[in-house]
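So the chains spell out like this:
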Amino acid sequence: MNTSDNRDKGTVGGSNQMWGGRFAAGPSAVMREINASIPFDKHLWRQDIAASKAHAAMLGACGIVSADDALAIGHGLDKVAAEYEDHGVPEDWSLEDIHMTVEHRLAELIGPVAGRLHTARSRNDQVATDFRLWVRDAIDALDQALAGLQRALVTRAGEHAETILPGFTHLQAAQPVTLGHHLLAYHEMLARDRSRFADARVRLNRCPLGSAALAGTGFPIDRAMTAQALGFDGPTANSLDAVSDRDFALDYLQAAAQCALHLSRLAEELVLWSSQPFGFIRLPDALATGSSIMPQKKNPDAAELVRGHSGRIVGCAVALMVTMKGLPLAYSKDMQDDKPPVFEAHGLLSLSLAAMTGMIADAEFRTDRTRQAAELGYATATDLADWLVREAGLPFREAHHVTGAAVKLAESRGVPLDRLPLTDLQAIDQRIGEGVFAALSIEASVAARASHGGTAPAEVRKRVAEARGLLEMG
Ligand code: ARG
């Protein structure tokens, strides 16, 4: 049902059939429109039906409804699920949300016995339960997607354990590094993201069902039973908190925002690296676009959109934080606005991860260009200083000074450091010997940095092996 159909329908009709007992007239068109969450919370239909089935089974087991009624409700819910699977969820604004939409259809299918399902519960504990289940699934899906990107990074890092890349600070050539090392830096960030999501999942996994509207219920329910049926670790401990807590959604969004920032940094590198002045990579054709006016162009749109989406994902986290700020206990309708930012962030992040995984897996690294670029900017100056400390016993500060003079001289001649004749180096400091040249090559420079977590190829290979084990890459 489209939006204008919904708005035109029954401006002031009879009172609402689900809760309208005390109302003389129905809601205005505007009231119905502002109240309706079905356009977005229909995405919760699977979770809503699962939670209702668990609730009905529990009501039956506890003798709160008859075993026959519980069975009829369970079968009816299965039919509703089958219909939604085949034809989608109908959108009728007068039914407001997914909870009433499901219950209404159930009543059409099985008759008045459907009305027993809402015993000992409220939409407040229902939505809190459904949404937790949805976010839990979202976390599990993201964990898989993040592991996929980690695998792509680790595979490429293994291929490029020895490939030379200029390492930057301030985006100025600093010291040469290996490409494998650089890629593994992102593997670390994603490992932290996964642990943040896993952590959020632990806190999320308590079941609010049975908290009812806000105060709990007088019916002899078994909360442990519904919690278990829905895969929760147990019931929540305080009904007021349970119906008004959205920390689990915020935990999710904050972890998503952090993850999006990581992807954005990597995306930025891909944009830079694929530009002509860098020329470090060629992005796969399948994940780039052309220009309608400049035939030569190949644009890194997917990387730019990953970078751009991070802004929207951070915005989603901020939106829900601001929505929740200052809400008194317990449930307030403001909370209905919790879902769109979570759905949006999840969609954007999932897509970003898929695009990034494709780009990393299939990018062509132009190792001749990265090697050349690493020659620029006197990137092995630190190696000269380190050599003076190690071999000639200078204090590092003095070695730094001597090296500065050597860089100045090389710059004035327009040559790399290792092309300065020994006599010229000795004129700067006579303690410099022939052996220095071995330390000044780019390969020697990276090989020397074999401290734990350093850029040396041998070290990168160790970290790749560890990561492959953790990611079960065989
Ligand atoms: N659609 C509502 C939401 O998403 C469900 C809870 C409504 N509760 C209520 N008392 N009106 O928050």
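Cut-off values and rules
Residues numbered from 1 in each chain as written. Predicted model: local features only at pLDDT ≥ 70, side-chain atom pairs only at ≥ 80, totals over all residues. Heavy atoms only, no water. Pairing = 2+ DSSP bridges. Helix = DSSP H or I, 4+ residues; strand = E, 2+ residues; numbered from the N terminus. Salt bridge = Lys/Arg side-chain N within 4 Å of Asp/Glu carboxyl O. Buried < 20%, exposed > 50% of the residue type's maximum accessible area, 1.4 Å probe, protein only. Phe/Tyr/Trp six-rings, centres within 6.5 Å; stacked < 30°, edge-to-face > 60°. Lys NZ or Arg CZ within 6 Å of the ring centre and 35° of its normal. Patch = residues over 30% accessible without salt bridge, like charges linked within 9 Å, V, L, I, M, F, W, Y side chains within 5 Å. Areas by Shrake-Rupley, 256 points an atom, 1.4 Å probe, with all protein chains shown as cover.

Participant: Just checking my understanding: could you explain the pairing of strand β1 (residues 164–169) for this structure?
Facilitator: Each regular strand shows side chains that alternate between the opposite faces of the sheet. The pairing of β1 with strand β2 (residues 172–178) spans six bridges and is classified as antiparallel. Counted as the bridge partner of I164 is T178 from β2. With antiparallel pairing between neighbouring strands as the criterion, β1 and β2 make up a hairpin whose turn holds two residues, including H170 at a positive phi of roughly 60 degrees.

Participant: Is there a simple way to think about the pattern of salt bridges in this case?
Facilitator: For side chains bearing opposite charge, pairing can occur when the charged atoms are close. Across all of its chains, the model carries 34 salt bridges by this definition. Across the pair E344 and R312 runs a salt bridge whose closest N-O atoms are separated by 2.9 Å. Placement of E344 in helix α13 (residues 339–362) and of R312 in helix α12 (residues 301–324) is noted, with a sequence separation of 32 residues between them. On the basis of relative accessibility, which here comes to 33%, the residue E344 falls in the partly exposed class. A salt bridge links E466 to R463; the shortest N-O distance between them is 3.0 Å. Placement of the pair is E466 and R463 together in helix α20 (residues 457–470), with a separation of three residues, close to one helical turn.

Participant: What exactly am I supposed to notice about the packing of aromatic side chains here?
Facilitator: The way to describe two aromatic rings as a pair is by their centre distance and the angle between their planes. One pass over the full model with this rule turns up eight aromatic pairs. Here W45 and Y84 contribute two aromatic rings whose centre-to-centre distance is 5.7 Å and whose plane-to-plane angle is 90 degrees, an arrangement assigned as edge-to-face. On the criterion of sequence distance, the pair formed by W45 in helix α4 (residues 45–61) and Y84 in helix α5 (residues 67–87) is long-range, its members being 39 residues apart. Here W45 and Y84 have matching classes, each one buried. Members of the aromatic cluster, joined through ring pairs, are F131, W134, F248 and F343. The ring of F23 has R22 lying over it, and the distance from NZ or CZ to the ring centre is 5.7 Å. Taking NZ or CZ as reference, K339 lies 5.5 Å from the ring centre of F131, over its face.

Participant: Just checking my understanding: could you explain a nonpolar patch on the surface for this structure?
Facilitator: Taken together, the side chains of L214, L240 and L329 present a nonpolar region at the surface, about 270 Å² in accessible area. On the secondary structure map, L240 appears in helix α10 (residues 239–244). Residue L240 is classed as partly exposed on the basis of its relative accessible area, which comes to 32%.

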